[in-house]
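These are the residues of each chain, in order.
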Amino acid sequence: QVQLVESGGGLVQPGGSLRLSCAASGIIFSTYTMAWYRQAPGKDRELVARSPWGDGTGTNYETFVKGRFTMSRDNAKNTVYLQMNSLKPEDTAVYYCNAVYRYHGTLNYWGQGTQVTVSS
């Protein structure tokens with residue numbers, strides 16, 4: 001059974017930092033491309049950052065988080081992280097972990113999400 005469990009969300013003031021974690025089980029973690037998405041109220045889910053399978057070389061970020069967020073992965077712990085700095089109110093959203101495996105088809109898994117609220 002595949003599980004992606006996010007943690008680390010919460011309430012933070014503008015300019016503050018949070019570190020999200022996503023612990024995976026039931027998959028061969030290093031073979032999966034991992035990503036963070038977010039969904040704000042009334043908006044579509046959007047990609048935040050994506051870490052390619054393997055050691056994550058070539059991790060890419062959406063423009064609106066470049067220079068503020070850093071995604072990393074620890075294959076030994078089956079965990080990905082999202083370090084979020086200089087948070088803005090517009091970063092408020094539910095953040096979701098995503099795991100994708102593509103080889104003769106696609107396997108796609110989602111976590112349950114963790115709420116991040118940036119407010120004074």
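In what follows, the structure referred to is the one given above.
Rules used throughout
- Residues numbered from 1 in each chain as written.
- Predicted model: local features only at pLDDT ≥ 70, side-chain atom pairs only at ≥ 80, totals over all residues.
- Heavy atoms only, no water.
- Helix = DSSP H or I, 4+ residues; strand = E, 2+ residues; numbered from the N terminus.
- Buried < 20%, exposed > 50% of the residue type's maximum accessible area, 1.4 Å probe, protein only.
- Contact = heavy atoms within 4.5 Å.
- Disulfide = S-S within 2.5 Å.
- Phe/Tyr/Trp six-rings, centres within 6.5 Å; stacked < 30°, edge-to-face > 60°.

Novice: Looking at this model, I keep getting lost on the overall build of the protein. Mind explaining?
Specialist: Helix and strand counts for the protein stand at 0 helices and 11 strands. Shown N-terminal to C-terminal, the secondary structure of the protein runs as helices and strands in the order β-β-β-β-β-β-β-β-β-β-β. Seen along its three principal axes, the alpha-carbon backbone of the protein occupies a region of about 45 × 25 × 25 Å. For the protein, with 120 residues in total, the buried portion stands at 41%. In the protein, once contacts between residues fewer than 6 apart in sequence are set aside, the share between residues at least 24 apart is 52%.

Novice: Whenever I open this one, unusual backbone geometry confuses me. Can you help?
Specialist: For residues that are not glycine, phi is negative in most cases, and the peptide bond is trans in most cases. With a phi angle near 55°, Asn78 is a residue other than glycine that sits in the positive phi range. Structurally, Asn78 is set in the loop between β7 (69-74) and β8 (79-84). Although it is not a glycine, Ser86 adopts a positive phi angle of roughly 50°. Tracing the sequence through the fold places Ser86 in the loop between β8 and β9 (93-102).

Novice: Teacher, can you tell me more about the state of the cysteines here?
Specialist: The term disulfide refers to a covalent linkage connecting the sulfur atoms of a pair of cysteines. Evaluation of the coordinates by the stated rule reveals 1 disulfide. The disulfide partner of Cys22 is Cys97, and the gap between their sulfur atoms is 2.1 Å. Disulfide Cys22 to Cys97: torsion about the S-S bond roughly -80°, handedness left-handed. Remark: Cys97 occurs in strand β9 and Cys22 occurs in strand β3 (residues 18-25); sequence separation between them is 75 residues.

Novice: Is there a simple way to explain the packing of aromatic side chains in this structure?
Specialist: Remark: the centre distance and the inter-plane angle together describe each pair of aromatic rings, the angle taken between the planes. Going through the model one piece at a time under the given rule, you end up with 4 aromatic pairs. Pairing Tyr32 with Tyr109 gives two aromatic rings, centres 6.2 Å apart and planes at 40°, and the pair type is tilted. Of the two residues, Tyr32 sits in the loop between β3 and β4 (33-39) while Tyr109 sits in strand β10 (residues 106-110), which places them 77 residues apart along the sequence. Since its relative accessible area comes to 25%, Tyr109 is described here as partly exposed.

These figures capture arrangement, not role.
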